[in-house]
Amino acid sequence: MRDSGKRANTTAHSPLSTDLLRRLAPRQVLTSLAERRNYRYDAIQFGETPLAVVLPENTADVVVAVKAARAAGVPIVGRGAASGLSGGAAPLRESLVISFTRMTGLRIDPVRREAHAQAGVVTLAVSDAARPHGLIYPPDPASFRTSTIGGNLAENAGGPMCFKYGVSGDYVKGLEVVDAHGEVHTLTRDAYDLAGLLIGSEGTLGLITEAALRLLPPPRFTRTLMAHFPEVGACAEAVSQAIAAGAVPSKLEFMDRACTNAVEDYLVLGLPRGAEAVLLVDTDGDDLETVEEERALVEQACVAAGGTVRRAGTDAEAAALWQARRSVSPALGRIRPQRMNEDIAVPRSALPEVVREIRALGDASPFPVVQFGHIGDGNLHPNILFDPRQDDAAAVHHLAHQIALVALRHGGVLSGEHGIGSMKRDFMTDALDPVTLDVLRDVKRTLDPADLLNPGKVLP
């Protein structure tokens, strides 16, 4: 994407910047080019250098920033830790970026089993604060050590535990939101689910400033196994049979052969290089006998499907098995410097065919394509690996589109947990009919008539 750094430098002291510096403390407004350039990207895409960056310390600061941007007619892009994988936090125009990393207020209410977290609270910090009270916050996106609650809710992030425990939005009891006019609202989930409308809207309908989150007691016991299969269909069949038999694993993670070999090249963990599919499974709960029974059900299903099973005998052995899954991103970074991370979700019964079709697309392309994901709910992450210094961006985008069409042909959707952003915005006309798209555009126009909130995202 074009870097507008030179042009943006000439507008560092724009009327908007001057107004913001007058209304907020100097430490809260970044105007220099060197500072602003650090806020033009997320984890997968570069965008335009913002006109200014505001670092609010409370909701009142957000209100000031929104009203100033609105008066200047400047778009507003909310940003957490910029760990998103759909381009959601990368500005497409010269904008005001509101970065929530200083809004880190966090309060645990153990009696109500709630956390009250400002938007900039790091995801892992919620469980760290809740654990002394015998509680945890289950959503665990891969970036949970750096991602923020506001970013998670803007994208409705999931994670390996989403099959049993659900995604971020399932834990929201209420939201505080600043709308496009700079007004503050408290949204609940009573009657009309207005909080649900904002969750996953990627900052296009309002800016989430605080959330009331549901907490759970952690499971007392966890058991782990790894299985590998000579073909992907057998892996999917094993998962379906285990679930049909009554198992509800907390984690069900899949890696294809290309992904497994990338991790093995990186860490030499002893992974089965020849396997077409590797399955990592956790079962958990408060009753050890039930947890062991669920693991046995998964094991029986894997063996019946032709898989080879390895049980983790200790917590250390379980951690070693999960190291493979958590090392996927750095392992892929050794192959190519950049990747386009797809996020399709398909019916579990369609997984074997979907994986085969995507592999065929990759084999016919000049790019390495690896696949992994949360197989329990059919959420796959086909990754196209490329080098932006020499590879054709249009060819990468075309391959991503072809992969998206595979998902849609098999009854799937474009995103399971990463959002649409700008990366998949153009594919929405394939995913939704014109009437539905018009209804969604009406919602956007109603809540943001001037199209100032994160323009160019989600809707084509």
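Anything mentioned here points back to the structure above.
Residues numbered from 1 in each chain as written. Predicted model: local features only at pLDDT ≥ 70, side-chain atom pairs only at ≥ 80, totals over all residues. Heavy atoms only, no water.

## Let's talk about helix H2 (residues 15-23)
Argument step 1. For H2, the set of buried residues is Leu16, Ser17, Asp19 and Leu20. All buried residues of H2 project into a common sector of 165° when viewed along the axis, lining one side. Exposed residues on H2 whose side chains face more than 90 degrees from its buried face are Pro15 and Arg22.
Argument step 2. Check the buried side of H2 and you find it contacts strand E1 (29-30), strand E2 (52-54), helix H4 (59-72) and strand E4 (96-99). (Buried < 20%, exposed > 50% of the residue type's maximum accessible area, 1.4 Å probe, protein only. Helix = DSSP H or I, 4+ residues; strand = E, 2+ residues; numbered from the N terminus. Arc of directions from axis to C-beta. Contact = heavy atoms within 4.5 Å.)

## Topic: the state of the cysteines
Simply put, disulfide is the name for a covalent bond between the sulfur atoms of two cysteines.
Argument step 1. Per the stated rule, a full pass over the model turns up zero disulfides.
Argument step 2. Its sulfur unpaired, cysteine 162 is 16 Å from the next cysteine sulfur, which belongs to cysteine 235.
Argument step 3. On the accessibility criterion, cysteine 162 (8% relative accessible area) is buried.
Argument step 4. Here cysteine 259 stays unpaired: no disulfide links it, and the sulfur of cysteine 235, its closest cysteine neighbor, is 12 Å away.
Argument step 5. By relative accessible area, which is 0% here, cysteine 259 ends up buried. (Disulfide = S-S within 2.5 Å.)

## Some points on the packing of aromatic side chains
Two descriptors summarise a pair of aromatic rings, namely the distance from one centre to the other and the angle between the planes of the rings.
Argument step 1. For the structure on display, the rule yields two aromatic pairs.
Argument step 2. Taking 5.5 Å as the distance between ring centres and 55° as the angle between the ring planes, the aromatic pair formed by tyrosine 41 and phenylalanine 46 counts as tilted.
Argument step 3. For tyrosine 41, a relative accessible area of 28% gives the class partly exposed.
Argument step 4. Seen in terms of ring centroids, tyrosine 137 and tyrosine 171 are 6.0 Å apart; in terms of plane orientation they differ by 80°. Their pairing is edge-to-face. Highlighted residues: tyrosine 137 in the loop between helix H5 (123-130) and helix H6 (149-155) and tyrosine 171 in the loop between helix H7 (162-165) and strand E7 (172-178), separated in sequence by 34 residues.
Argument step 5. Residue tyrosine 137 is classed as buried on the basis of its relative accessible area, which comes to 4%.
Argument step 6. On the basis of relative accessibility, which here comes to 2%, the residue tyrosine 171 falls in the buried class. (Phe/Tyr/Trp six-rings, centres within 6.5 Å; stacked < 30°, edge-to-face > 60°.)

## Looking at the side chain of arginine 36
Argument step 1. Topologically, arginine 36 is positioned in helix H3 (residues 33-36).
Argument step 2. Here arginine 36 occupies a buried position and makes no salt bridge, while the nearest side chain of opposite charge, glutamate 94, is found at 6.6 Å.
Argument step 3. Of note is the side chain of arginine 36, whose polar atom sits 2.6 Å from the backbone oxygen of threonine 31.
Argument step 4. A polar atom in the side chain of arginine 36 sits 2.9 Å from the backbone oxygen of proline 50. (Lys, Arg positive; Asp, Glu negative; His and termini not counted. Salt bridge = Lys/Arg side-chain N within 4 Å of Asp/Glu carboxyl O. Polar contact = N/O pair within 3.5 Å; in protein donor to acceptor, adjacent residues only side chain to side chain.)

## Re the pairing of strand E18 (residues 383-386)
Argument step 1. Of the two faces of E18, the one holding Asn383 and Leu385 and the one holding Ile384 and Phe386 are both buried throughout.
Argument step 2. Two elements, strand E14 (residues 338-341) and E18, share four bridges in a ladder whose sense is antiparallel. Of the residues in E18, the one forming a bridge with methionine 340 is isoleucine 384.
Argument step 3. Bridging between strand E15 (residues 369-370) and E18 involves two bridges; their strand directions are antiparallel. In the strand pairing of E18, valine 370 is matched with asparagine 383. (Pairing = 2+ DSSP bridges.)

## Focus: unusual backbone geometry
Argument step 1. Positive phi, close to 50°, is recorded for alanine 191, a residue that is not glycine.
Argument step 2. Take alanine 191: it is sitting in the loop between strand E8 (184-188) and helix H8 (194-198).
Argument step 3. Assessed through its relative accessible area of 82%, alanine 191 is described here as exposed.

## Concerning the sheet that holds strand E10 (residues 221-229)
Hydrogen bonding along the main chain pairs the strands of a sheet, whether they run parallel or antiparallel.
Argument step 1. Ordered in space as E13-E10-E12-E11-E16-E17, the six strands form an open sheet in which the pairing is antiparallel. The open sheet has two edge strands with one neighbour each: strand E13 (308-311) and strand E17 (379-380).
Argument step 2. Bridge analysis of strand E16 (residues 372-374) against E17 gives two bridges, and the strand direction is antiparallel. Bridging from a neighbouring strand, histidine 374 pairs with asparagine 379 of E17.
Argument step 3. On top of the sheet, helix H12 (residues 315-326) reaches E10, strand E11 (251-256), strand E12 (277-285), E13 and E16; it is set at about 55° to E11, its chief contact. (Axes fitted to C-alpha atoms, helices over the stretch in contact; angles between N-to-C directions.)

## Some remarks on the packing of helix H9 (residues 232-244) against helix H14 (residues 351-363)
Argument step 1. Contact geometry of H9 with H14 gives a least axis separation of 8 Å together with a crossing angle of 150°. Here H14 runs roughly antiparallel to H9, going by the angle between their axes. Between H9 and H14 lies a crossing whose hand is right-handed. On H14, the residues touching Val232, Gly233 and Ala236 of H9 are Leu351, Pro352, Val355 and Arg359.
Argument step 2. Its residues assigned to classes, the contact of H9 with H14 comprises five nonpolar, one polar and one charged. (Parallel < 35°, antiparallel > 145°, perpendicular 65-115°, else oblique. Left-handed = near helix turned anticlockwise from the far one by under 90°. Nonpolar A, V, L, I, M, F, W, Y, C, P; charged D, E, K, R; others polar.)

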